[in-house]
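Spelled out, the chains give:
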There are 2 protein chains.
Amino acid sequence: MDVDTRLLRYFVAVAEEGTLTRAAERLFVSQPALTKQIKQLETRLGVRLFTRSRTGMALTEPGRALAERVPGLLADWDQVLREAKSAAGRAARVLRVGFLASAANEATPRIITEFARRRPGWRADMRQATWSNPSAGLADGDVDVALLRMPFPGQDALRTAVLFTEPRWVALPTGHPLATCDLIAFDDLRDEPFVAAPPESGWWRDHWLAVDERDGHPVTIGAVTDQPDDWLSAIANGYGIAFAPASAARFYARPGVTYRPVSGISPSRVGVAWSPADDTDPVVQDFVRCCLDHGPRPGENSA
Amino acid sequence: MDVDTRLLRYFVAVAEEGTLTRAAERLFVSQPALTKQIKQLETRLGVRLFTRSRTGMALTEPGRALAERVPGLLADWDQVLREAKSAAGRAARVLRVGFLASAANEATPRIITEFARRRPGWRADMRQATWSNPSAGLADGDVDVALLRMPFPGQDALRTAVLFTEPRWVALPTGHPLATCDLIAFDDLRDEPFVAAPPESGWWRDHWLAVDERDGHPVTIGAVTDQPDDWLSAIANGYGIAFAPASAARFYARPGVTYRPVSGISPSRVGVAWSPADDTDPVVQDFVRCCLDHGPRPGENSA
DNA sequence: CCACATCCATGCCGTCAGGTTATAGGTGCA
DNA sequence: TGCACCTATAACCTGACGGCATGGATGTGG
């Protein structure tokens, strides 16, 4: 009996949400489409999976049996897929490197150069991730190693090493009243509207909104962006301000955007991360060593 | 990344066969269709799975990684499906009983009656299997318990119990020269054309062609059938002869077909089988007990 | 040396499954 | 009674998948 894994994901969504309507919006499909798909799944398997009612969709006994095991199956499939992709990289002598926009900034080219020197014949395939993906694709197995900003969601399941630390500054529209100050106190920024990362990024978003430093004070979100260009535009257009690593002042300079140091806010750490499965992979470990040796530069950026 | 399991089966087939053409005929699709599907799988996964050449399709490194794990995934999925179906039966108080045509014959109604008495509220859903399916659907998880002829392929992975034994007779066209004999020696039948079960049934087919008793003597196949009606027609029409349990003489009497005892051939056993997972299932075990208690009848059929 | 066999790839076309929007059909609630 | 929630159905469009016919490359045998 053949099924598309998409159908299984649909099923899981309905089982978890309890109603077609809610599951449909979570899956970004229309409710009639889901109705048809679920119905088709039931006829294909020859098993009634839900009992319908005005209150929603309740799992039947066989439905429960299925709902118990399907998520595991999907996870297995994703894992197999990860393995195949990583095998592809290894075979082609390509190290897939994910990096978050604004992660290592100036350090990145140094690291890559060093890697090329240490591993002739290998190529580093650099993939810039959006901010909706704070692990830069590592959690999804899309890359072998990632340069990113710590802490980030899911880092407990991965290996990480900190390369260097740099202060967090604030990016303001140039016309902003505080843009002329040499040093801004965090307290003066608390009630400003902020340009934030997308919600999918979880508490990584909160970290860059400095939620920890606010003592419960609510945040005003002026705009949501997931890449530097949009982010710069949003700030220049006055939708809000945002914290950024100090190096962004050099790396993402743009007319209309002014960077200023901030006091009263913790610094940001740049890290390299990899999967525990690659602890013994010589290429991945070489890359990590390149990061550790050539990421931090004496006197640059360090806080 | 979503994929249809059908696509994965396609992939496995090509990986195993080594050429698109052969895999295509095994899958009963055209070769261009397979070409397109495999290509699509590769683009969907973003991984080159095969290297093409005039000699066929050879797995790449990532292809090998995939080919190693996908069969396990498919097996898992089939297993989950089995569980769900069996849960459906349990919830509806339906015991799914598979039976091979000509398995228990007269004993079947006795068993069912007894089961209905012992488990009021439960219903036995009887499903007759064709001879291409000697486990009567048990191996595929289509049924909870099966009445069948032993031995059968795959029985080692299942629980079985023998109900009774009966001699194997031979079914001949009524006009056959040997049809008048009271007892026929197996040696006299060796060179006759036989009506056989489909090849999918594996060595079960061989068992009913008495290959073991032939000492390497080849079999002549006159026709292939997978259900009693076709089987009777084939014999009556003179395409061949066939061995059959003695009870078939009563249960499958038909003009033009004559049954005669045979000497020099082992008897046939009727058994009940179930999955080890149901060793503790009270309903399945009740059914098995009904079989053991009411399957064999003193003085009937026993060899 | 020229058919021939055996691979895989491509183009064209018909069919059907999956998606969309709009709407119907229940049922609890203010 | 009208609204707010469900799910189901209808009509329609697009694209994926499969089939056939054919092309292109490459060894093989007469």
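Residues numbered from 1 in each chain as written. Chains lettered and ligands numbered in written order. Predicted model: local features only at pLDDT ≥ 70, side-chain atom pairs only at ≥ 80, totals over all residues. Heavy atoms only, no water.

As a matter of local geometry, DNA strand D sits amid 23 residues, with Leu20, Thr21 and Lys39 of chain A together with Ser30 and Gln40 of chain B nearest to it. Considering DNA strand D, the proportion of its atoms within 4 Å of the protein that are sugar or phosphate atoms stands at 72%. For DNA strand D, a base nitrogen lies 3.0 Å from a polar atom in the side chain of Gln31 of chain A. Counting residues per element, the ones that place at least two in the surface near DNA strand D are helix H2 (20-27), helix H3 (31-45), strand E1 (50-53) and strand E2 (56-59) of chain A together with helix H1 (5-17) and helix H3 (31-45) of chain B. Looking at side-chain class alone, the surface near DNA strand D contains seven nonpolar, nine polar and seven charged residues. (Near = heavy atom within 4 Å. Polar contact = N/O pair within 3.5 Å; in protein donor to acceptor, adjacent residues only side chain to side chain. Helix = DSSP H or I, 4+ residues; strand = E, 2+ residues; numbered from the N terminus. Nonpolar A, V, L, I, M, F, W, Y, C, P; charged D, E, K, R; others polar.)

The immediate surroundings of DNA strand C are formed by 23 residues, with Ser30 and Gln40 of chain A together with Leu20, Thr21 and Lys39 of chain B found nearest. Put simply, 70% of the atoms of DNA strand C that lie within 4 Å of the protein are in sugar or phosphate. Those elements that place two or more of their residues in the surface near DNA strand C are helix H1 (5-17) and H3 of chain A together with helix H2 (20-27), H3, strand E1 (50-53) and strand E2 (56-59) of chain B. Tallied by class, the residues present in the surface near DNA strand C amount to seven nonpolar, nine polar and seven charged.

Moving on to the sheet that holds strand E8 (residues 184-185) of chain A. All names here are of chain A. If you walk across this open sheet you meet the four strands as E8-E12-E7-E11, and the pairing is mixed. Two strands close off the open sheet at either side, each with one partner strand: E8 and strand E11 (242-245). The pairing of E8 with strand E12 (residues 257-263) spans two bridges and is parallel. Within E12, the position partnered with Ile184 by the bridge is Val262. (Pairing = 2+ DSSP bridges.)

Time to look at the interface of chain A and chain B. Residue-level contacts link 27 residues of chain A with 27 residues of chain B. Taken together, both faces of the contact between chain A and chain B bury some 2600 Å²; the carbon and sulfur share is 69%. In terms of surface lost to chain B, no three residues of chain A exceed Asp2, Arg69 and Trp77 of chain A, which account for 21% of the buried area on that side. In this assembly, chain A and chain B are joined by four salt bridges. The salt bridge partner of Asp2 of chain A is Arg9 of chain B, with a shortest N-O separation of 2.5 Å. Where chain A touches chain B, the interface holds 11 residue pairs in polar contact (both at pLDDT 80 or more). For the side of chain A that touches chain B, the elements supplying multiple residues, two or more each, are H1 and helix H4 (61-91) of chain A. Counting residues per element, the side of chain A that touches chain B draws most heavily on H4 of chain A, at 17 residues. (Contact = heavy atoms within 4.5 Å. Buried area = accessible area lost by both parts, 1.4 Å probe. Salt bridge = Lys/Arg side-chain N within 4 Å of Asp/Glu carboxyl O.)

For the rest of this paragraph, the subject is the relation of the copies chain A and chain B. Mapping chain A onto chain B is achieved by rotating through 179 degrees and translating by 0.2 Å along the same axis, at an RMSD of 0.2 Å. As the rotation angle and translation indicate, the two copies are arranged about a two-fold axis. Closest to the rotation axis within chain A is the C-alpha of Asp4 of chain A, separated from it by 1.9 Å. Comparing interface residues between copies, 100% of those in chain A also lie at the interface in chain B; the contact surface is shared. (Least-squares fit on C-alpha atoms with pLDDT ≥ 70 in both.)

In this structure, the largest pocket occupies an estimated 400 Å³ of space. Around the largest pocket, the lining is made up of 21 residues, and of these Gln79, Arg82, Glu83, Ser275 and Ala277 of chain A lie nearest the centre. Within the residue set of the lining of the largest pocket, elements represented by two or more residues are H4 of chain A together with helix H4 (61-91) of chain B. In terms of residue count, H4 of chain A provides more of the lining of the largest pocket than any other element does, six residues in total. Residue composition of the lining of the largest pocket, grouped by class: eight nonpolar, five polar and eight charged. Approximately 330 Å³ is the volume found for the second largest pocket. Forming the boundary of the second largest pocket are 17 residues, of which Gln79, Arg82, Gly141, Ser275 and Ala277 of chain B lie nearest the centre. Broken down by element, the residue count for the lining of the second largest pocket peaks at five residues, all from H4 of chain B. Grouping the amino acids of the lining of the second largest pocket by side-chain chemistry returns seven nonpolar, four polar and six charged. (1 Å grid on protein atoms, 1.4 Å probe; cavity = no way out; pocket = protein on both sides within 12 Å on 5 of 7 lines; lining within 4 Å. Points joined across faces, edges and corners; volume = space filled by probe spheres on them.)

Before going further, it helps to examine the environment of Val211 of chain B. Relative to the helices and strands, Val211 of chain B resides in the loop between helix H6 (203-208) and strand E10 (220-224). Between the C-alpha atoms of Val211 of chain B and Pro109 of chain B, which are 102 residues apart in sequence, the distance is 32 Å.

The next subject is the state of the cysteines. Under the counting rule described, the total for this entry stands at zero disulfides over all chains. With no disulfide of its own, Cys291 of chain B lies closest to Cys290 of chain B among cysteine sulfurs, the gap being 6.9 Å. (Disulfide = S-S within 2.5 Å.)

Along its sequence, chain A is carved into domain 1 (5-83), domain 2 (92-165 + 269-294) and domain 3 (168-266). Look at where the C-alpha atoms of domain 1 of chain A and domain 3 of chain A centre, and you get two points 40 Å apart. (Domains from an automatic or database assignment.)

Let us look at the sheet that holds strand E13 (residues 268-274) of chain B. Residue and element names in this part refer to chain B. Read across the open sheet, the five strands follow the order E4-E3-E5-E13-E6; overall the sheet is mixed. Looking at which strands have only one partner, the edges of the open sheet turn out to be strand E4 (123-129) and strand E6 (159-166). Sheet twist, expressed as the average angle between the axes of neighbouring strands with direction ignored, equals 25 degrees. Where strand E3 (residues 94-100) lies against E4, seven bridges are found, and the strand directions are parallel. Bridge pairing links Val97 to Met126 in E4. Contacting E3, E4, strand E5 (145-150) and E6, helix H5 (residues 107-118) runs over the sheet at an angle of about 155 degrees to E4. Each of E3, E5, E6 and E13 is contacted by helix H9 (residues 282-294), which is oriented at about 165 degrees to E13, the strand it contacts most. (Axes fitted to C-alpha atoms, helices over the stretch in contact; angles between N-to-C directions.)

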